[in-house]
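Read off the chains here:
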Amino acid sequence: GTAYYYNRNEFFAAQSPFAPPSLPKNALRNQHYGFSLGGPIRKGRTFFFLNLEEQKYLIGNQSRSTEPSQAYQAETQALLKQYNVPVNPVSANLLNGLWPASALTGPAAAANYFNPNSTNGYSHNGLLKLDHSFNEDNRVSFRVFLGQGTQTAPNSTHLSPYWEVVPSHMQNYDAIYNRVISSRFTNQLVAGVNYFLQTFVDADTNFNPIALGLNTGVTSPVLAGAPNIVIFGFDQVGVNPFSGRTDVTGHLTDTLSYVTGKHQLRFG
């Protein structure tokens with residue numbers, strides 16, 4: 001058996017040069033640990049191997065972004081007033097309802113926001129393998145892998161409510177039967193199934209654009225949250241519509257091997 005542990009921590013790193021000096025050092029953490037164990041269940045006949053692994057991480061934001069702050073909005077409204085253009089109340093509601101209030105406190109200047117929140121994620125993984133020998137000519141093997149995890153990370157925006165959340169599930173099963181038919185013929189039969197599920201969605205889907213005056217006509221609960229709004233030069237909102245995929249793949253293969261002299265022929 002074996003056991004292992006790996007740790008990375010911001011204690012050993014310098015502060016980001018883009019972070020405000022008043023903030024504590026940004027989180028930069030990665031823990032990766034696990035163990036493996038193998039041995040006989042029945043001496044000379046049946047064996048097992050087990051591996052469990054865990055990963056957890058935090059990665060603090062390392063850069064600034066530009067947001068439509070209240071100061072920017074005031075300058076814009078003054079310009080509209082100068083040309084007798086009325087302020088669109090829906091636009092004002094969306095700016096102040098879909099952008100986090102903490103992101104709107106900066107000056108009317110580029111790089112006016114630093115998000116102190118961290119990217120985060122985890123992964124649980126396990127593997128079990130069983131081998132059994134009926135005799136010298138017939139052996140079987142079974143293997144199961146299970147994995148589960150999620151990550152929350154920026155995707156085209158520094159605004160935490162619109163970071164991408166990606167939960168994933170992976171499963172893999174297979175069985176192998178090896179048979180020695182004669183001194184020249186051997187055969188291997190393999191059956192396996194692989195399962196993969198992954199989805200993508202905004203971190204916060206509780207925004208209600210209809211209440212802010214923008215009736216998008218969307219009623220499906222899987223499309224809840226902010227619509228994608230892009231203002232050139234600023235962070236986006238509603239970046240990740242609910243999406244994803246499920247893949248299930250199976251296979252069955254048989255391979256016959258034949259040895260003659262210095263040559264080996266394989267058929268499958």
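Above this note sits the structure.
Right, let's walk through the structure included here. Here the structure is a predicted model, which is why all the values come from computation and not from measurement. (Residues numbered from 1 in each chain as written. Predicted model: local features only at pLDDT ≥ 70, side-chain atom pairs only at ≥ 80, totals over all residues. Heavy atoms only, no water.)

With that settled, consider the overall build of the chain. When its secondary structure is counted, the chain shows two helices and ten strands. Along its sequence from the N terminus, the chain presents helices and strands in the succession β-β-β-α-α-β-β-β-β-β-β-β. With respect to the three principal axes, the spread of C-alpha positions in the chain is 95 × 45 × 35 Å. Expressed as a percentage of its 268 residues, the buried residues of the chain come to 31%. Sequence separation of 24 or more characterises 67% of the internal contacts of the chain that already satisfy a separation of 6 or more. Total accessible area on the chain stands at roughly 16,400 Å², and carbon and sulfur atoms take up 59% of it. (Helix = DSSP H or I, 4+ residues; strand = E, 2+ residues; numbered from the N terminus. Buried < 20%, exposed > 50% of the residue type's maximum accessible area, 1.4 Å probe, protein only. Contact = heavy atoms within 4.5 Å. Areas by Shrake-Rupley, 256 points an atom, 1.4 Å probe, with all protein chains shown as cover.)

This paragraph deals with the nonpolar core. Counting residues in hydrophobic clusters, the biggest one holds 15 residues, and the most contacted among them are Leu 98, Trp 99, Leu 159, Tyr 162, Ile 229 and Val 237. Once residues within four sequence positions are removed from consideration, Ile 229 is found in contact with Leu 94, Leu 98, Trp 99, Gln 236 and Val 237. (Core = buried A, V, L, I, M, F, W, Y, C linked by side-chain atoms within 4.5 Å.)

Turning our attention to a nonpolar patch on the surface. Residues Ile 41, Leu 128, Leu 130 and Phe 142 make up a contiguous nonpolar surface patch of about 360 Å² in total accessible area. As for its placement among the helices and strands, Phe 142 is situated in strand E5 (residues 138–153). On the basis of relative accessibility, which here comes to 46%, the residue Phe 142 falls in the partly exposed class. (Patch = residues over 30% accessible without salt bridge, like charges linked within 9 Å, V, L, I, M, F, W, Y side chains within 5 Å. Salt bridge = Lys/Arg side-chain N within 4 Å of Asp/Glu carboxyl O.)

Turning next to helix H1 (residues 70–82). Here H1 is 13 residues long and its end C-alpha atoms lie 18 Å apart, about the 18 Å a rise of 1.5 Å per residue gives. Looking one or two places after H1, you find Asn 84, whose phi comes out positive at around 60°. (Expected span 1.5 Å × (residues − 1).)

To continue, consider unusual backbone geometry. Backbone geometry places Ala 111, a non-glycine residue, at a positive phi of 55°. If you trace the backbone, Ala 111 turns up in the loop between helix H2 (89–98) and strand E4 (118–135). Backbone geometry at Ser 156 places phi at a positive 70°, although glycine is not the residue there.

The residue Asn 61 is located in the loop between strand E3 (46–60) and H1 in this model. With a relative accessible area of 9%, Asn 61 lands in the buried category. The contacts of Asn 61, once residues within four sequence positions are left out, are Asn 26, Phe 114, Asn 115, Asn 117 and His 158. A distance of 2.8 Å separates a polar side-chain atom of Asn 61 from the backbone oxygen of Ser 63. Among the polar contacts made by the side chain of Asn 61, one reaches the main-chain carbonyl oxygen of Asn 115 at a distance of 3.0 Å. (Polar contact = N/O pair within 3.5 Å; in protein donor to acceptor, adjacent residues only side chain to side chain.)

Our next topic: the pairing of E3. Looking at chain direction, strand E2 (residues 28–42) and E3 are connected through 14 bridges and run antiparallel. When the sheet's bridge partners are listed, Gly 34 is paired in E3 with Glu 53. Pairing analysis gives 15 bridges linking E3 to E4, with the strands arranged antiparallel. Within E4, the position partnered with Glu 54 by the bridge is His 124. (Pairing = 2+ DSSP bridges.)

This part takes up the side chain of Asn 125. Structurally, the position occupied by Asn 125 is in strand E4. Look at Asn 125 and you get buried, because its relative accessible area is 17%. Only 2.8 Å separates the side chain of Asn 125 from the side chain of Ser 123, close enough to count as a polar contact.

Turning our eyes to something else, we now look at the packing of aromatic side chains. One pass over the structure, following the stated rule, counts five aromatic pairs. When the centroid spacing of 5.2 Å and the interplanar angle of 85° are considered together, the rings of Tyr 72 and Phe 234 count as edge-to-face. With Tyr 72 in helix H1 and Phe 234 in the loop between strand E8 (185–202) and strand E9 (243–260), this pair connects stretches of sequence that are 162 residues apart. Note on Phe 234: relative accessible area 23%, which makes it partly exposed. Geometrically, the ring pair formed by Phe 185 and Tyr 258 is tilted, given 4.7 Å between the ring centres and 35° between the ring planes. (Phe/Tyr/Trp six-rings, centres within 6.5 Å; stacked < 30°, edge-to-face > 60°.)

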